[in-house]
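# Descriptive structure summary
Each chain is listed here by its residues.
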Amino acid sequence: VQLVESGGGLVQPGGSLRLSCAASGFTFSSYGMRWYRQAPGKEREWVAVISGGGDSTDYADFVQGRFTISRDNAKTTVYLQMNSLKPEDTAVYYCTCPYSGRWYWGQGTQVTVSS
């Protein structure tokens, strides 16, 4: 199983970014996918989840209405569209999935929101 995030960068407050997580090594459409984030000095926190078919999503309260999780099963990729970004959204963002009894994580992508 391999998960590779991309799309992070430096953005001004109020801006947008779209993160991608390319997955391989398992039957992608059969598994829910999650995004987490970890800010400096803080614990990793859950951001969003999407079901294997993409028909069900859920979000942490702090991103409701600003972030959208989606997936393209043909491309085995999950996305996180982030709008109205705030400085407190600065973190390393990770995608993850449960497979065969354990959680697999990507290497993360840095998102920095600053003017």
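Refer to the structure presented above.
Let us look at the structure shown here. Computed from a prediction, not measured in an experiment: that's the story for all the values here.

Procedures and definitions
Residues numbered from 1 in each chain as written. Predicted model: local features only at pLDDT ≥ 70, side-chain atom pairs only at ≥ 80, totals over all residues. Heavy atoms only, no water. Helix = DSSP H or I, 4+ residues; strand = E, 2+ residues; numbered from the N terminus. Buried < 20%, exposed > 50% of the residue type's maximum accessible area, 1.4 Å probe, protein only. Polar contact = N/O pair within 3.5 Å; in protein donor to acceptor, adjacent residues only side chain to side chain. Contact = heavy atoms within 4.5 Å. Core = buried A, V, L, I, M, F, W, Y, C linked by side-chain atoms within 4.5 Å.

## Comments concerning the side chain of Thr77
Take Thr77: it is sitting in strand E8 (residues 77-82). Note on Thr77: relative accessible area 9%, which makes it buried. A distance of 2.9 Å separates the side chain of Thr77 from the backbone oxygen of Lys75, its partner in a polar contact. Excluding residues that lie within four positions of it along the chain, Thr77 makes contacts with Ser20, Cys21, Ala22, Phe28, Ser70, Arg71 and Asp72.

## Comments concerning the nonpolar core
Core analysis: the largest hydrophobic core is formed by 29 residues, its most contacted members being Leu3, Met33, Trp35, Val78, Leu80, Met82 and Tyr93. Taken together, the elements giving at least two residues each to this core come down to strand E3 (17-24), strand E4 (33-38), strand E5 (45-50), strand E7 (67-72), E8, strand E9 (91-99) and strand E11 (109-113). Each residue touching Tyr93, except ones within four places of it in the same chain, is listed here: Glu5, Leu19, Trp35, Tyr36, Arg37, Val47, Phe67, Leu80, Met82, Gly108, Thr109 and Val111.

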